[in-house]
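Read off the chains here:
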Amino acid sequence: MKTEQEMENDTMTAVENPTRTQYPVHYKTVRVNNLDIFYRDAGPEGAPVILLLHGFPTSSNMFRNLIPRLAGSFRLVAPDYPGYGQSSMPDHKSFSYTFDNYAEIVNQLVEGLGINKYTIYLMDYGAPVGYRLALLHPERVTGLIVQNGNAYEEGLREFWDPIKKYWAKPEDPAAIAYMVEPERTRWQYENGVSDKTLLDPNTWTLDQMLLDRPGNANIQADLMYDYGTNLALYPKFQAFFREYQPPTLIVWGKNDFVFPPEGATPYSRDLKTIETHLLDTGHFALETHGEEIASRIEEFFLKRNPKR
């Protein structure tokens, strides 16, 4: 028979380790502007929504571990942009691959799902998509989660020098062809990571297989060129921060050469409710610090909405 102290310990353990409800991840495709747009969807109806916007050169696959981890507290929706993942990949001559178009497609997706409030998780290319979405409907944005996503010129350092030359001379896409080479794709995952055994090689393998599809290199060149349009919008993004003051959690891989930490620190100039964590990892911080990021999201947002 257990002693009174043993029974007390059992009770404490049960309280400290509650059973987490498991929600399945649904893999869906809808038609938006005559394109098939694939998205991942998990979590209870009525829960606060986190819209997960992926970066280059990946897809919603980058959120494959985060989605089930957070689905007990939030509803999570993660689309693939055209030309990425499982979404349509029309020829770049028949579809304009721009961040404006991506933002409009994501906007139509969430409207079609009946979602009118959301926190946006922005990473890499997800930042220009998400901030454009915020400019379209600022009243819908309940918060921001920024993982190596830029909104300030301070964040565009040495990595961007050859790309800036391409912006000035777009008739020479061969100048940035290196961006879709296998070695570069793998480098984006490994650079800045001290323990590379934490990285799943299926990530860059899948990304490269999709990059290698005929015609995709042209798509990536178009997007690299269109990235230059973001600089003119930075003041508008920053004005959105100042006016609407979305609660913002920054979880940034501080060893990232693509988007170094100089891009993370300026956010505090414009945002009042902000928490910044510079993580000891590289570009794809979720691959090595997924549990820490998930816990910080729960702590930061759920304490502001305890009834949810």
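Note that the coordinates shown come from a computational prediction; the quantities given were computed from them, not determined experimentally.

Undergrad: Would you take a moment to explain the packing of aromatic side chains for this structure?
TA: One pass over the full model with this rule turns up 31 aromatic pairs. Note on Phe56 and Tyr125: the rings are 5.6 Å apart at their centroids and 35 degrees apart in plane angle, and the pair reads as tilted. With Phe56 in the loop between strand S3 (49-53) and helix H2 (66-70) and Tyr125 in the loop between strand S5 (118-123) and helix H4 (126-136), this pair connects stretches of sequence that are 69 residues apart. Aromatic pair Trp160 and Tyr227: ring centres 4.7 Å apart, planes at 20 degrees, arrangement stacked. With Trp160 in the loop between strand S6 (141-147) and helix H5 (161-168) and Tyr227 in the loop between helix H8 (216-226) and helix H9 (230-244), this pair connects stretches of sequence that are 67 residues apart. Sitting over the face of the ring of Trp187, Arg184 holds its NZ or CZ atom 4.7 Å from the ring centroid.

Undergrad: Hey, could you run me through the packing of H4 against H9 in this one?
TA: In a pair of packed helices, the angle between the axes and the distance between the axes together describe the arrangement. Viewed as axis vectors pointing N to C, H4 and H9 meet at an angle of 55 degrees, and their least axial separation amounts to 10 Å. The angle between the axes of H4 and H9 places the two elements in the oblique class. Crossing handedness for the pair H4 and H9: left-handed. In this structure, H4 uses Pro128, Tyr131, Arg132, Ala134 and Leu135 to contact H9, whose residues at the interface are Asn230, Leu233, Lys236, Phe237, Phe240 and Phe241.

Undergrad: Whenever I open this one, the sheet that holds strand S8 (residues 274-279) confuses me. Can you help?
TA: Whenever strands of a sheet pair, they do so through backbone hydrogen bonds, lying parallel or antiparallel. Ordered in space as S1-S2-S4-S3-S5-S6-S7-S8, the eight strands form an open sheet in which the pairing is mixed. A strand with exactly one partner marks an edge of an open sheet, and here the two such strands are strand S1 (26-32) and S8. Strand after strand, the sheet turns through a mean of 20 degrees between neighbouring axes, direction not considered. Taken strand by strand, H4 contacts S3, S5 and S6, and its axis lies near 150 degrees from that of S5.

Basis of the calculations
Residues numbered from 1 in each chain as written. Predicted model: local features only at pLDDT ≥ 70, side-chain atom pairs only at ≥ 80, totals over all residues. Heavy atoms only, no water. Phe/Tyr/Trp six-rings, centres within 6.5 Å; stacked < 30°, edge-to-face > 60°. Helix = DSSP H or I, 4+ residues; strand = E, 2+ residues; numbered from the N terminus. Lys NZ or Arg CZ within 6 Å of the ring centre and 35° of its normal. Axes fitted to C-alpha atoms, helices over the stretch in contact; angles between N-to-C directions. Parallel < 35°, antiparallel > 145°, perpendicular 65-115°, else oblique. Left-handed = near helix turned anticlockwise from the far one by under 90°. Contact = heavy atoms within 4.5 Å. Pairing = 2+ DSSP bridges.

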